[in-house]
Amino acid sequence: MSEVQLAAEPFDLALNPLRTALVIIDMQRDFLEPGGFGETLGNDVSLLQAAVEPCRRALEAARRAGLLVIHTREGHRPDLSDAPPAKVTRGAPSKRIGDPGPMGRILIRGEPGHDIVPSLSPAPGEVVLDKPGKGAFHQTDLAQILMVHDIDTLIVCGVTTEVCVHTTIREGNDRGYRCVALGDACASYFPEFHRVGLEMIKAQGGIFGWVSDAESFATALSAAQHAA
Ligand code: TIU
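Quantities reported herein were computed from a predicted structural model and do not represent experimental measurements.

### Digging into the pattern of salt bridges
Within this structure, the stated rule accounts for 14 salt bridges. With a shortest N-O distance of 3.5 Å, D152 and R19 are connected by a salt bridge. Here D152, found in the loop between α5 (142-148) and β8 (153-159), pairs with R19, found in the loop between β2 (13-15) and β3 (20-25); they are 133 residues apart in sequence, far enough to count as distant. Here R109 makes a salt bridge to D82, at a shortest N to O gap of 3.6 Å. One end of the pair, R109, is in the loop between β6 (104-105) and β7 (127-131); the other, D82, is in the loop between β4 (68-74) and α4 (85-88), and 27 residues separate them in sequence. A residue is classified by how much of its surface remains accessible, and R109, at 22% relative accessible area, is partly exposed. Among the charged side chains, a network of salt bridges with common partners joins R19, D150 and D152.

Quick look at the structure:
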């Protein structure tokens, strides 16, 4: 498959689809639906819905083009043995990590709230990566998976822009990956943080990445298929 141009800021970049992975960050019920972790922190979870349809568009484009697709989920073991007390005890949420809620225990693997929202459910063969932290590289086998697949570029979307998306892009950038956020396929509980979060990535000539959008990504990949 030949290289294609992805329209992005601060400048376009050439993608080799065989060396590009789509990484969808934490599109879980715990963050997007009432009664989950996001709401316990005092957030209006409806703000994250804006990212669902653009994520779906990016996912469908990646599937059609045969890209490596990675879905991440933030969460912890049922015995909380991987949940740092500094994270569990922080602040005054209405419920803490591990407490029972309407979608099962908050932010615990295997509970309904930990699942990815149905419209973005992983397909057989796609990587599902469980992570205990905000960044997708921390205490996961993501680096190994990317190495095995000879990936050089990460197309990143999901939630939330300034927390898990940012942390993953920063981690990926420091590890030598070209990281591109699909801005419309990311969302935050804080619209201002979303906007400024994207600005930060692409400032200073792309200080730790690029920003594009789901439609540009789909258009670039369809050009790759036509050329193939
Ligand atoms: N609270 C918040 O904005 N985000 C998180 O806790 N995790 C993710 O971003 N996935």
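### With respect to the pairing of β3
Side-chain direction in a regular strand flips from residue to residue, so the side chains alternate between the two faces of the sheet. Summarising burial for β3: 6 of the 6 residues are buried, a large majority. Burial along β3 is two-sided: T20, L22 and I24 facing one way and A21, V23 and I25 facing the other are all buried. Sheet topology note: the β3/β8 ladder contains 6 bridges and is parallel. Each residue of the ladder has a partner; that of T20, found in β8, is T153. Pairing analysis gives 5 bridges linking β3 to β4, with the strands arranged parallel. Looking at the pairing, I25 lines up with T72 of β4.

What counts, and at which threshold
- Residues numbered from 1 in each chain as written.
- Predicted model: local features only at pLDDT ≥ 70, side-chain atom pairs only at ≥ 80, totals over all residues.
- Heavy atoms only, no water.
- Salt bridge = Lys/Arg side-chain N within 4 Å of Asp/Glu carboxyl O.
- Helix = DSSP H or I, 4+ residues; strand = E, 2+ residues; numbered from the N terminus.
- Buried < 20%, exposed > 50% of the residue type's maximum accessible area, 1.4 Å probe, protein only.
- Pairing = 2+ DSSP bridges.

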